[in-house]
Amino acid sequence: MMFPLSNPSSSPEPQIKKPKITLDFRRKDHSFKSPKAFLAAHHPSCNQILLCLFLSIFFIQILLVVVFRSIPPPSHHRSHHFPAPVTSHHHLTPTLTTTTAPISASTVKGETSCESGKIFVYDLPSPLNHELVSHCDVLNPWSSSCAALTNDGFGPVAAGIPSAVPENLAAAWYWTDQFVTEILFHNRILNHKCRTKDPNNATAFYIPFYVGLAVGKFLWLKNSSAKERDFHCEMMLKWVQDQPYFTRNDGWDHFLTMGRISWDFRRSKDEDWGSSCIHKPGMRNITRLLIERNPWDYFDVGVPYPTGFHPRSDNDVVQWQDFVRNRSRKSLFCFAGAKRSKIKNDFRGLLLSHCRNESDSCRVVDCAGSKCSNGTSIILETFLDSVFCLQPRGDSFTRRSIFDCMIAGAIPVLFWKRSAYDQYEWFLPAEPESYSVFIDRNAVKNGTTSVRKVLERYGEDEITRMRERVIEYIPKFLYARPDEGLQTIKDAFDVAIDGVLGRFKEQEQPGYRW
């Protein structure tokens, strides 16, 4: 779909049983034989007719209240937004549907009262964010990154995309770089409904540090020092640790976006890869939003890679969902990628060969060289025309292609659980089998499993259910274009912020923090 301008990193609820209670109304003389008997037993001094009448009416009213409260209230139907599933075989052109199905509660914006809290955004020294963008020509050792950072980080408008998408949605597509979440989150959070300019009213504190941009230019320079790679991170921590609101909770209520994979910030020794930013003492309690997390670090939170589709409105999202739902898919599966010749027993190369050998069922795009670079729609078209898309690990465990695939309505086929299942808890369904296929890569390597045979076992109805699950979750993979977000639909940014605020609220429980 949209590949980066910069080089990738190397590295039914249970029934409640009621107790059996036998009520014996014959055990006492003052049982409920009549209101008069009841009153005679409990109020022997009640000789005045008016008083007895009053007590009898009062008793009857109590009985009526109990009876009416036991009647369940009428149910209300939720408003409908998303189109309903369409039953179709993946080799046939589906019938266009315009009916609507309920939108998932997790993708609809709720009240604007900021019940989960408000966010204060620090005004960092310019060298930690804005100056990095202004010096975009030196952020990449091979070429300028200025084009990639235009349009508030969304990159150039995708001029070559109209042939692959509905004409009126073409303007919502960009050649977006995969390492720009720091800019996207900063712009959105400045316009968030729950942003506060008074830190005393804040529940969360956002640090708009462009750490991924800062370290990126040093990652492939052989002569870069550990000091250079850590310079900006140390500057940020020194500044933040001087703020009273940081020291108040030792950073537990602070968060930031780190626009690369976690391993780019986990250098253990000076001569190793990347920065040691995450290992710095001041970073210990700060929540970190990354495109790939360390599954064993609580403070790492995985967020979706930016893709090329950035809807301008709710209607853009719903129209795109209809488009991919009703798409005629001619190939059973596909693979887009390049082999890694320097890696022994390279699995990508194996999948490329497998796909070529199954050319009647598999569509292959060999991305060797610059065949899949920005400026071409070949990846998007391939995913749109396929039922399943093969997703081995990338240079690290994750790859942007997983989200490109799902946005196109294709069902991802995974070979490493860390490629998605252990990464994006807030953004993916809790049941992996509801939206994806997992195949043991070792069985593929030794020839005991055929990818094609595994995928051919899935029937038409099951494929439709899985595709619909993918389509339902598309909003959670998107970064909307407007600074204030979409009208009623939550995108990836909204889901992330909700998650952070929910996490901070949970951390307030006694004994939670160390």
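Criteria and thresholds
Residues numbered from 1 in each chain as written. Predicted model: local features only at pLDDT ≥ 70, side-chain atom pairs only at ≥ 80, totals over all residues. Heavy atoms only, no water. UniProt positions renumbered as here; feature names shortened; annotations may be inferred. Helix = DSSP H or I, 4+ residues; strand = E, 2+ residues; numbered from the N terminus. Buried < 20%, exposed > 50% of the residue type's maximum accessible area, 1.4 Å probe, protein only. Core = buried A, V, L, I, M, F, W, Y, C linked by side-chain atoms within 4.5 Å. Pairing = 2+ DSSP bridges. Contact = heavy atoms within 4.5 Å. Axes fitted to C-alpha atoms, helices over the stretch in contact; angles between N-to-C directions. Phe/Tyr/Trp six-rings, centres within 6.5 Å; stacked < 30°, edge-to-face > 60°. Lys NZ or Arg CZ within 6 Å of the ring centre and 35° of its normal. Parallel < 35°, antiparallel > 145°, perpendicular 65-115°, else oblique. Left-handed = near helix turned anticlockwise from the far one by under 90°. Nonpolar A, V, L, I, M, F, W, Y, C, P; charged D, E, K, R; others polar.

Looking at an unreviewed UniProt entry, one finds the protein named exostosin heparan sulfate glycosyltransferase -related and attributed to Salix viminalis. As its UniProt record puts it under Sequence similarities (unreviewed entry), the protein is described as follows: "Belongs to the glycosyltransferase 47 family." A UniProt comment under Subcellular location (unreviewed entry) is attached to the protein, and it reads "Golgi apparatus membrane".

1. Quick word on the overall build of the protein
On a plain count of helices and strands, the protein comes out with 15 helices and twelve strands. Expressed as a percentage of the 514 residues in the protein, the buried residues total 53%.

2. Let's talk about the nonpolar core
One finds Trp-173, Phe-255, Trp-320, Leu-380 and Met-406 to be the most contacted residues of the largest nonpolar core, which totals 82 residues. With eight residues, helix H15 (residues 492-507) is the single largest residue contributor to this core. Membership of the second largest hydrophobic core comes to 25 residues, among which are Leu-128, Val-240, Phe-265 and Cys-277.

3. Examining the sheet that holds strand S12 (residues 437-438)
Reading across the sheet, the five strands line up as S9-S8-S10-S11-S12 and stay open at both edges, with parallel pairing between neighbours. Looking at the sheet topology across the chains shown, the edges are occupied by strand S9 (362-366) and S12. Bridge analysis of strand S8 (residues 331-337) against strand S10 (residues 386-391) gives three bridges, and the strand direction is parallel. The residue bridging Phe-333 from the neighbouring strand is Phe-388, located in S10. The sheet contacts of helix H14 (residues 460-473) involve S10, strand S11 (411-414) and S12, and relative to S11 the element is tilted by about 95°.

4. Details of the packing of aromatic side chains
Tallied over the entire structure, the rule returns 26 aromatic pairs. When the centroid spacing of 5.7 Å and the interplanar angle of 90° are considered together, the rings of Phe-120 and Tyr-122 count as edge-to-face. With 5.6 Å between their ring centres and 20° between their planes, Phe-205 and Tyr-245 make a pair best called stacked. Of this pair, Phe-205 sits in strand S4 (residues 204-206) while Tyr-245 sits in helix H7 (residues 244-249), and the two are 40 residues apart along the sequence. Neither Phe-205 nor Tyr-245 differs from the other in exposure class; each is buried. A network of ring pairs unites the aromatic residues Phe-120, Tyr-122, Phe-205, Trp-239 and Tyr-245 as a single cluster. Between the NZ or CZ atom of Arg-393 and the centre of the ring of Phe-397, over which it lies, the distance is 4.2 Å. We note Arg-503 situated over the ring of Tyr-298; from NZ or CZ to the ring centre the distance is 3.9 Å.

5. Here we look at the sheet that holds S4
Across the sheet, which stays open at both edges, the five strands sit in the order S3-S4-S5-S6-S7 with parallel pairing between neighbours. The two strands at the open ends of the sheet, each matched to only one other strand, are strand S3 (119-121) and strand S7 (300-302). Each neighbouring strand pair of the sheet contributes to a mean axis angle of 30°, computed without reference to strand direction. Both strand S5 (residues 254-261) and strand S6 (residues 287-292) contribute to a ladder of five bridges, which runs parallel. Pairing of Met-258 across the sheet is with Leu-290, part of S6.

6. A look at the UniProt feature "transmembrane region" (unreviewed entry) in the protein
Mapped onto this structure's residue numbering, the UniProt feature "transmembrane region" (unreviewed entry) falls at residues 48-68 and 203-221. The span residues 203-221 is 32% helix and 16% strand, and its two end C-alpha atoms sit 40 Å from each other.

7. Examining the pairing of S5
Within S5, eight of the eight residues are buried, which leaves it mostly tucked inside the rest of the structure. The pairing of S4 with S5 spans two bridges and is classified as parallel. Across the sheet, residue Tyr-206 finds its bridge partner in S5, namely Phe-255.

8. Observations regarding the packing of helix H8 (residues 314-325) against H14
How two helices pack is summed up by the angle between their axes together with the distance between the axes. It is at 10 Å that the axes of H8 and H14 come closest, and there the two elements cross at 160°. As summarised for this structure, H8 and H14 are arranged roughly antiparallel, according to the angle between their axes. The chirality of how H8 crosses H14 is right-handed. Every residue of H14 that contacts H8 at Gln-321, Val-324 and Arg-325 is listed here: Glu-468, Ile-471 and Glu-472. Classifying every residue of the contact of H8 with H14 gives two nonpolar, one polar and three charged.

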